[in-house]
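Here are the chains, one letter per residue:
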Amino acid sequence: MSRLKASIAALKAANRKALVPYIVAGDPDRDTTIALMHQLVRDGSDVIELGMPFSDPSSDGAIIQLGAERALRQGSGLNTVFDIVAEFRKTNAETPIVLMGYLNPLEIMGYGTFVKRAADAGVDGLLIVDLPVSEAQSLLALTRPLDLDMIFLVAPTTTESRLSSICENSSGYIYYVSLKGVTGAAISDTGEIGKRVTALRQRTDLPIIVGFGIKDTNSAKAMAAVSDGVIVGSALVQKIGELTDSGKRDEASIAASTKLIADIRQALDA
Amino acid sequence: MSEIETVVAGTVPATIASTGQDQFSGPDVHGHFGQYGGVFVGETLMAAVEELDQVYRKLSKDPAFWQAFDHDMKHYVGRPSPLYFAERLSKKFGGAKIVLKREDLNHTGAHKINNTIGQALLAKHMGKPRIIAETGAGQHGVASATVAARLGLECHVYMGAEDVQRQSANVYRMKLMGANVIPVTSGSRTLKDALNEALRDWATNVDNTYYIIGTVAGPHPYPMLVRDFQAIIGREARAQSLQEYGRLPDALVACVGGGSNAIGLFHPFLRDSEVAIYGVEAGGDGVETGRHAAPLSAGKPGVLHGNRTYVMSDANGQIMETHSVSAGLDYPGVGPEHAWLKDIGRANYVSVTDTEALDAFRMLCRLEGIIPALESAHGLAYACKLAATMRPDQFIVVNLSGRGDKDIHTVAKIDGITV
């Protein structure tokens, strides 16, 4: 069983909600990212979404774009991403890692090389924001034999006809986008999201994890109540930005920057 | 008709589905030109892109839609634009006749209006009260503000903060027509960042907003529909050539940034294999220096802003900053149909440097009394070189895609003059 499937099964058995933080690989630097990942595990994260920094992140808001720019200034690219995952895996064999990013770096590296290096490094899943299912078949043909899960987004605008093909091609979990907009925007209508997630359950057995706009314990609890878990990105990347500005890299400062995740864990388990 | 195989360089042969039409009737139903094009956007925008595709496929079969388009082209834009023989310029090079397709004489001063008129008709049909657009030099922003004013639609134009500084006259033109110009301060603060920001706005306001993309890039159906609106350039040029010269031109030349003026001229001639086709990219300081905006000449296939095409990326797949004296060509991607035409060999893509373009700019001013846009001057510069290698009984049609009033400050600054 893959790490992602094992982790999801364990959550289900314990009747717990998934907590999935997102950080950018190489923000603010390679070593701090690895330290942050270990800290996020200690804070109670179930899966880590690791952002592959991209120069033109057109589905992300300003906070994550700034995180990507900080990482790119350090020379972070796919080589750094794989290096970070491999280093993390030396001392953590359990926590699933999903790489999240944009397609162009994969196109330039070549899909074959990319999936092999990802699998070798210890990556468990991929979420390519600008790769809809209809264009993903050649990548899916390469990820399936390697047991790499492909996670796709479902948005409030997703039509019925698209839902079936997304559910058929997804594995790991479904990432439900809570709002029309980009990462970091504000959620307006929890009730509507609950209805959409319930409808989605009729189509898939995969866990449905909600992301975009979850920035505190209240929004996390509200979203987790109507789904199988939450993804926290911008609010965390904002804190990592403050860590960068402070210049501090010690254990206490790193733990302080991810405190939101520990708080949300506590709130979800309460 | 059986399936037609097209060989795409560096890949297995791509097959274009049998449609009863020939290979130039693309894209296929998924928006592919060979391996290029397609739809690469976040899930939030997929429904909007699919809706636009359905609406356009239906409307584009409706003669009344094209009658409305042609009516605006004639009475609002001032078409047809003349095909003008540049006699003194041609004499200077002693070869083929250089003939200019005068898109600079259109209302708002460039070919961009052909597209915005067409897309405004789509926005109106779809009942969207709010228009957004991205712009580099400001010509597409002006053309979008123009159609929005005419239809009474709210209009927001994203423009890189650098370009807002460089093109202040166009910023003011947009404001005069009631548009809101939003300076983009993220990334490299130029056209590509304006496009990112427009995509973000669209994802946020997708219910009430129509995004007028300014070139033959973006996700399908944009490369197809923008081409169809711009193809009026080539249809006119083809008819005018037959009328004036009794035959088709020997060559076509147009500048290529995103490539909308070029595909507009080229497309109606693609099946005329005797007509040579040249797209001219911005060579900046020279392609060999790395400081340029010539993805077809020096880029690799990748994915940017919704489509697969030639892209200028570094070894890590990050989009590179581009360099060109012309803001309208300063873009790291290019329309996917051009990528495909390059690979199948139907069109040739070349580049000219900033210096060559500036020389051509000055030459056209002095010899013909026409101030061309710096973008168009790139096409002109290559056409002059090409003409010299051809016979006097041959002729070249160059797309003079825009007028150069917007560029006089840039040129004056290079000349050390304050206007």
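So, a few notes on the structure that sits alongside this text. Model, not experiment: these values are computed from the prediction. (Residues numbered from 1 in each chain as written. Chains lettered and ligands numbered in written order. Predicted model: local features only at pLDDT ≥ 70, side-chain atom pairs only at ≥ 80, totals over all residues. Heavy atoms only, no water.)

**Some remarks on the overall build of chain B**
For the record, the criterion: A run of H or I in DSSP becomes a helix once it reaches four residues, and a run of E becomes a strand once it reaches two; helices and strands are each numbered from the N terminus. Based on C-alpha atoms, the radius of gyration is set beside the globule rule, defined as 2.2 Å times the residue count to the power 0.38. Between buried and exposed lies partly exposed: a residue is buried under 20% and exposed over 50% of the maximum accessible area for its type, with that area taken using a 1.4 Å probe on protein chains only. Two residue types count as positive, namely Lys and Arg, and two as negative, namely Asp and Glu; His and chain ends fall outside the count. All charge positions are set by atom: Lys at NZ, Arg at CZ, Asp at CG, Glu at CD.
When its secondary structure is counted, chain B shows 16 helices and 17 strands. The C-alpha radius of gyration computed for chain B amounts to 20 Å, which stays within 12% of the reference 22 Å derived for 419 residues, consistent with globular compactness. Dimensions of chain B, computed from the C-alpha atoms along their principal axes, are close to 60 × 55 × 50 Å. In chain B, buried positions account for 64% of the 419 residues. When the 39 positive and 45 negative side-chain charges of chain B are each reduced to one mean point, those points stand 5 Å apart.

**Observations concerning the interface of chain B and chain A**
Our working rule: The contact criterion used is simple: two residues touch if any of their non-hydrogen atoms lie within 4.5 Å. Buried area: the accessible surface (1.4 Å probe) lost by two parts on joining, summed over both. Whenever a nitrogen or oxygen atom comes within 3.5 Å of another N or O atom, the pair is scored as a polar contact, on the condition that within protein one atom can donate a hydrogen and the other can accept it, and that pairs from neighbouring residues in sequence are kept only if both atoms are in side chains. All amino acids are sorted into three groups, where Ala, Val, Leu, Ile, Met, Phe, Trp, Tyr, Cys and Pro are nonpolar, Asp, Glu, Lys and Arg are charged, and the leftover types, Gly among them, are polar.
Facing 37 residues of chain B, the contacting portion of chain A comprises 37 residues. Where chain B abuts chain A, roughly 2,800 Å² becomes buried across the two surfaces, and 46% of that area is made up of carbon and sulfur atoms. The largest contributions to the chain B side of the interface with chain A come from Glu-43, Arg-200 and Gln-318 of chain B, which together make up 24% of the buried area. Viewed at the interface, chain A and chain B are joined by 22 residue pairs in polar contact (both at pLDDT 80 or more). Contributions of two or more residues to the side of chain B that touches chain A are made by strand S4 (36–40), helix H1 (43–59), helix H8 (191–204) and strand S14 (300–304) of chain B. Here the side of chain B that touches chain A takes seven residues from H8 of chain B, the largest share from any one element. When grouped by side-chain class, the residues that make up the side of chain B that touches chain A number 13 nonpolar, 15 polar and nine charged.

**Structural notes on the sheet that holds strand S4 (residues 125–128) of chain A**
Residue and element names in this part refer to chain A. Stated precisely, the cut-off is as follows: Only when DSSP finds a minimum of two bridges between them are two strands counted as paired.
If you trace the nine strands from one edge of the open sheet to the other, you get S5-S4-S3-S2-S1-S9-S8-S7-S6, paired in parallel fashion. Edge positions in the sheet fall to strand S5 (149–150) and strand S6 (153–154), since each of these pairs with one other strand and no more. Strand direction decides the pairing type here: strand S2 (residues 48–51) and strand S3 (residues 97–101), joined by four bridges, are parallel. Bridge pairing links Ile-48 to Ile-97 in S3.

**Quick look at the packing of aromatic side chains**
Residues and elements named next belong to chain B. Defined as follows: Ring geometry is summarised as follows: Phe, Tyr and Trp rings, the Trp one being its six-membered ring, pair when their centres sit within 6.5 Å, and such pairs are stacked at plane angles under 30 degrees, edge-to-face over 60 and tilted between the two. Here, a charge over a ring means that NZ of Lys or CZ of Arg falls within 6 Å of the ring centre while also lying within 35 degrees of the ring normal.
Scanning the entire structure with this criterion turns up 16 aromatic pairs over all chains. Counting every residue linked through ring pairs, the aromatic cluster contains Tyr-56, Phe-65, Trp-66, Phe-69 and Phe-229. Above the plane of the ring of Tyr-310 lies Lys-342, whose end atom (NZ or CZ) is 5.5 Å from the centre.

**A closer look at the pairing of strand S1 (residues 18–24) of chain A**
Residue and element names in this part refer to chain A. For clarity, the cut-off: Orient the strands so they point away from the viewer; a crossover is then right-handed if the path from the first strand over the helix to the second runs clockwise.
Here S1 lies mainly inside the structure; seven of its seven residues are buried. Burial along S1 is two-sided: the residues Ala-18, Val-20, Tyr-22 and Val-24 and Leu-19, Pro-21 and Ile-23 are all buried. Bridge count between S1 and strand S9 (residues 229–232): four bridges; the pairing is parallel. Directly across from Val-20, in S9, lies its bridge partner Ile-231. Crossover connection from S1 via helix H2 (residues 30–42) to parallel S2: handedness right-handed.

**So, a nonpolar patch on the surface**
Residues and elements named next belong to chain B. We apply this condition: Nonpolar side chains (Val, Leu, Ile, Met, Phe, Trp, Tyr) are joined into patches within 5 Å and like charges within 9 Å, using only residues with over 30% relative accessible area and no salt bridge. Note on areas: Shrake-Rupley, 1.4 Å probe, and residue coverage restricted to the protein chains presented here. We define a salt bridge as a side-chain nitrogen of Lys or Arg found within 4 Å of a carboxyl oxygen belonging to Asp or Glu.
On the surface, a cluster of nonpolar side chains totalling about 360 Å² of accessible area is made up of Ile-371, Ile-408, Ile-417 and Val-419. Mapped onto the elements of the fold, Ile-371 is located in the loop between helix H14 (354–368) and helix H15 (374–388). Residue Ile-371 is classed as partly exposed on the basis of its relative accessible area, which comes to 39%.

**Some points on the nonpolar core**
Rules: Throughout this description, the term nonpolar core refers to a set of buried Ala, Val, Leu, Ile, Met, Phe, Trp, Tyr and Cys residues connected via side-chain atoms within 4.5 Å.
Counting 117 residues, the largest nonpolar core has Tyr-175 of chain A together with Leu-122, Trp-202, Tyr-210, Tyr-211, Leu-265 and Phe-266 of chain B as the members making the most contacts within it. Tallying contributions element by element places H1 of chain B first for this core, with eight residues. If you look at the next biggest cluster of nonpolar residues, it comprises 64 residues, including Leu-106, Ile-166, Tyr-176 and Leu-236 of chain A.

**Re the side chain of Lys-192 of chain B**
Here Lys-192 of chain B shows up in helix H8. In contact with Lys-192 of chain B, other than residues within four places in its own chain, are Ser-55 and Asp-56 of chain A together with His-305, Ile-319, Tyr-331 and Pro-332 of chain B.

**Here we look at the sheet that holds S4 of chain B**
All names here are of chain B. Quick note on the threshold: Note on geometry: axes are C-alpha line fits, over the in-contact stretch for helices, and angles between N-to-C directions span 0 to 180 degrees.
The strand order S3-S4-S15-S14 describes an open sheet built from four strands, whose pairing is antiparallel. The open sheet has two edge strands with one neighbour each: strand S3 (32–33) and S14. In this structure, S14 lies alongside strand S15 (residues 306–311), joined through five bridges in antiparallel fashion. Bridging from a neighbouring strand, Lys-300 pairs with Val-311 of S15. In the packing of helix H13 (residues 336–344) onto the sheet, contacts are made with S3, S4 and S15, and the angle to S15 comes to roughly 45 degrees.

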